[in-house]
Structures are given as structure tokens and as C-alpha cells.
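Listed here are the chains, written in short residue letters.
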Amino acid sequence: MKYSIKINKLSNEDWNTKAFVSLVFGDKLKVNDITIRQAQNGALFVAMPGYKTSKTDEQGNPVYKNICYPISAEFRKELFDNIIQAFKDNKKEVSVHPEEDKIDIGITMQQSSNNSFKCIGRFYIGKDFVVDGVKIIDSDKGPFVAMPTKSKTDGTGKTEYNQICYPITKEFREELYGAILDKGNEVVQKNEKHNADMVAALDEGYIEREGLPFR
């Protein structure tokens, strides 16, 4: 799978965060908000985009959940090694597997009980990478796809939202968003049919028990 790594080093050497990193898969999909950080023992490590949950671990520390991340051990090692090596070599951009420009997308969605959005799910890039927290939101103009975002409040108290992951070409945006909307509609229709079947089964059981021709 073709991907490129872009490194933006930070000038302050006293910070634990050493650089911001972005990935571009197949010249079609961009992932931001990846960081290179330094542990207390001096070792460098890669931190994927994530957020703090309401849960805590056994020591009472907050539990964080990644939004975009590698899902295979092989690709995780390859990706993280390439990111750290590019940082050490002072390279601003590195291209990996340039001959493999095709990316395969798989999508899973589930209907939401939250009134603020219709469905939530994730999509996979091949068998190696996943983007979580993709939503389908209803609006007056019809349903639309909302990619995972990160909020930031400026000095005036205004909150800005920046997409962590997004398509970078019109063609791939239409392909990806169309597939996500189709999968969401499929899930909703399946649930509606299941609920209708359940109601019909309950009605049938009621009629049989009562011996009535209709309710």
C-alpha cells in the first residue's frame, strides 16, 4: 500500500512532543494529528490521533482511545519505524511503496441511538489501518458524512474544529462518502425490517393466544 509521511519538526527541544506527522494514503486520503514524542527514558515513540475518555485505569490515570491507527502488528511496526527513521534522518517527506497506488476500503456502520447523528462506524484501509468515529448526520438537505474532528479553543473562547482524516481528491471523496452513506442506509433498513418483523411476530402471538381474528 502506497503512503507518504510528512514530518514537521518543532523548534523547542524542551518539549516532549518533537514533531507533528501527517500520512497520505494512495494520494487520496490524509491523516493528521500524529505526533512523535519522547519518553522519560529518552526513547522516541509515535502517538496516533486520539481523545481522552471518561474512564480511568487501575492507577486512576485517564484512558485514551485512538481514532486512527494501524490494526496489524506488521504494518504498525513498518509505519512507526519509517516515521521515526524519517525524523532521525531530518527528512521532511518520505514515500513508501510508491508502486502500489491502489487502496481498498471496507466499511462498518451501526445505527445510533443518539439523536444528534444517524449512524456511527469506521472504515478500513486494506487490512492494515482503520479510521474510527465516522458519522452520518441528518440535515435539512439530507444526510451527510462527518469525519472525526479535533476541537481547539482560541484565546477568545471560540472553538474551532479540524478534521483529523479526510479525502484529498474530489473523486475519492465522492467514492468514500457515497459508500459510507450506502452502508448506513443498508444498516437502517435492516434494523427497520427487523423491528417490523418483531412487531408482526408479537402481533401474531397475541392473536393466537387470544383466539381473535384481529387486534
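Refer to the preceding data block for the structure.
On a predicted model such as this, the values are computed, not experimentally measured, just so you know. (Residues numbered from 1 in each chain as written. Predicted model: local features only at pLDDT ≥ 70, side-chain atom pairs only at ≥ 80, totals over all residues. Heavy atoms only, no water.)

Chemist: Run through the packing of aromatic side chains, naming residues and quoting values.
Modeler: What the rule picks out here adds up to three aromatic pairs. Consider the rings of tyrosine 3 and phenylalanine 25, whose centres lie 6.2 Å apart with planes at 50 degrees: the pair is tilted. Placement of the pair is tyrosine 3 in strand S1 (residues 3-9) and phenylalanine 25 in strand S2 (residues 17-25), with a sequence separation of 22 residues. The exposure classification of tyrosine 3 matches that of phenylalanine 25, with both residues buried. When the centroid spacing of 5.0 Å and the interplanar angle of 50 degrees are considered together, the rings of phenylalanine 25 and phenylalanine 129 count as tilted. Separated by 104 residues along the polypeptide, phenylalanine 25 in strand S2 and phenylalanine 129 in strand S11 (residues 129-137) bring together distant segments of the chain. Note that lysine 9 overlies the ring of phenylalanine 87, its terminal NZ or CZ placed 4.4 Å from the centroid. (Phe/Tyr/Trp six-rings, centres within 6.5 Å; stacked < 30°, edge-to-face > 60°. Helix = DSSP H or I, 4+ residues; strand = E, 2+ residues; numbered from the N terminus. Buried < 20%, exposed > 50% of the residue type's maximum accessible area, 1.4 Å probe, protein only. Lys NZ or Arg CZ within 6 Å of the ring centre and 35° of its normal.)

Chemist: Give a detailed account of helix H1 (residues 73-88), specifying residues and quantitative values.
Modeler: A rise of 1.5 Å per residue sets the reference length of H1, with its 16 residues, at 22 Å; its end C-alpha atoms lie 22 Å apart and thus fit the reference within 8%. Inspection of H1 places Phe75, Leu79, Phe80, Ile83, Ile84, Ala86 and Phe87 among the buried residues, and these make up the whole buried set. Taken down its axis, H1 places every buried residue within 160 degrees of arc, on the same side. Along H1, exposed side chains directed more than 90 degrees from the buried face belong to Ala73, Glu74, Lys77 and Lys88. (Expected span 1.5 Å × (residues − 1). Arc of directions from axis to C-beta.)

Chemist: Describe the pattern of salt bridges, naming the residues involved and giving the relevant values.
Modeler: Under the defined criterion, the tally for this structure stands at six salt bridges. Between lysine 77 and aspartate 81 there is a salt bridge whose closest N-O contact spans 2.8 Å. Here lysine 77 and its partner aspartate 81 are both found in helix H1, four residues apart, which amounts to about one turn of the helix. Aspartate 132 is the salt-bridge partner of arginine 122, the closest N and O atoms lying 2.9 Å from each other. (Salt bridge = Lys/Arg side-chain N within 4 Å of Asp/Glu carboxyl O.)

Chemist: I'd like a rundown of the nonpolar core, residues and numbers included.
Modeler: Among the nonpolar cores identified, the biggest contains 45 residues, and Ile7, Leu23, Phe25, Phe123, Phe129 and Ile180 are the most heavily contacted of them. Ranked by residue count, the leading element in this core is H1, at seven residues. Ignoring sequence-local partners within four residues, the contact set of phenylalanine 129 consists of Leu23, Phe25, Val31, Met48, Cys68, Tyr69, Pro70, Ile71, Phe75, Leu79, Phe123 and Tyr124. (Core = buried A, V, L, I, M, F, W, Y, C linked by side-chain atoms within 4.5 Å. Contact = heavy atoms within 4.5 Å.)

Chemist: How would you explain the environment of valine 130 if you had to name every residue and give the values?
Modeler: Looking at the secondary structure, you find valine 130 in strand S11. The sequence separation of valine 130 and isoleucine 105 amounts to 25 residues, and the corresponding C-alpha distance is 9.5 Å. In contact with valine 130, not counting residues within four places along its chain, are Ile67, Cys68, Tyr69, Ile71, Arg122, Phe123 and Tyr124.

By themselves, these are just geometric observations and shouldn't be taken as functional.
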